[in-house]
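If you want the building blocks of each chain, they are given just below.
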Amino acid sequence: MIMSKTIIHGIYNDDALLKNGAIKLRSMGIKVKDVFSPFPIHGIDPIIGVPRTRLAICAFIYGITGTCLATLMMWYMMVHDWPTDVGGKPNWHYYQNIPAFIPITFEGTVLCAAHLTFWTFLFRSWLLPGVTAKNPDPRTTDDKFLMLIEAKEGDVKNIESALRETGASEVNIK
């Protein structure tokens, strides 16, 4: 027998009530799927069980890519393709000129890391122009805090009463 899932929205008036409510619900074994709020709530991610983001790993890889591309570009332009003797300092070997190439290497690293991380974030979170927002209640962009819970049919009443006990001003069942 397939059990269908019911979506429950617990709406709170204060972020502290929401955090305390999430702690109580998790201690009762109720899994909070997501939280929507008008501003970031510090410390809510570990409370509701959201894993750490891997965006920092992507940014590091993009930075290393920028460093490699900048190094390759400088070697090709200054050593391989067009070596010049500027002020008695020849560019015949890359390792002799590394101090002069540090600023370009840094700029290439930052350029690639920042731009590629930005695009990765946009595509991963699906925050693109014309995309419909995933926000279940428009009031969460103004002054309300919403806790979204997926429940099995038999648990709806228990979760609804638990949300009311934790200070939810509204409980909506979808």
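Shown above is the structure to which this text applies.
Residues numbered from 1 in each chain as written. Predicted model: local features only at pLDDT ≥ 70, side-chain atom pairs only at ≥ 80, totals over all residues. Heavy atoms only, no water.

Student: Looking at this structure, how should I read the packing of aromatic side chains?
Tutor: The geometry of two aromatic rings is summed up by the distance between their centres and the angle between their planes. Going through the model one piece at a time under the given rule, you end up with three aromatic pairs. Taking 5.4 Å as the distance between ring centres and 80° as the angle between the ring planes, the aromatic pair formed by F39 and F145 counts as edge-to-face. Taken together, the positions of F39 in the loop between β2 (34–36) and α2 (44–48) and F145 in strand β5 (residues 145–152) put the pair 106 residues apart, joining distant regions of the chain. We classify F39 as partly exposed; its relative accessible area is 37%. Measuring from ring centre to ring centre gives 5.1 Å for F118 and W119, while their planes differ by 75°; the resulting arrangement is edge-to-face. Residue classification places F118 among the partly exposed residues on the basis of a relative accessible area of 44%. Judged by relative accessible area, W119 falls into the partly exposed class, the value being 42%. (Phe/Tyr/Trp six-rings, centres within 6.5 Å; stacked < 30°, edge-to-face > 60°. Helix = DSSP H or I, 4+ residues; strand = E, 2+ residues; numbered from the N terminus. Buried < 20%, exposed > 50% of the residue type's maximum accessible area, 1.4 Å probe, protein only.)

Student: I'm lost on the pattern of salt bridges in this one. Help?
Tutor: Once the charged atoms of two side chains with opposite charge are near each other, the side chains can pair. Here the structure, examined in full by the defined rule, presents three salt bridges. The shortest N-O distance in the salt bridge between R139 and E170 comes to 2.8 Å. Note that R139 is positioned in the loop between α4 (98–125) and β5 and E170 in strand β6 (residues 170–173), a separation of 31 residues in sequence. The class for E170 is partly exposed, based on a relative accessible area of 27%. Overlapping salt bridges, with partners in common, bring together D137, R139 and E170 in one network. (Salt bridge = Lys/Arg side-chain N within 4 Å of Asp/Glu carboxyl O.)

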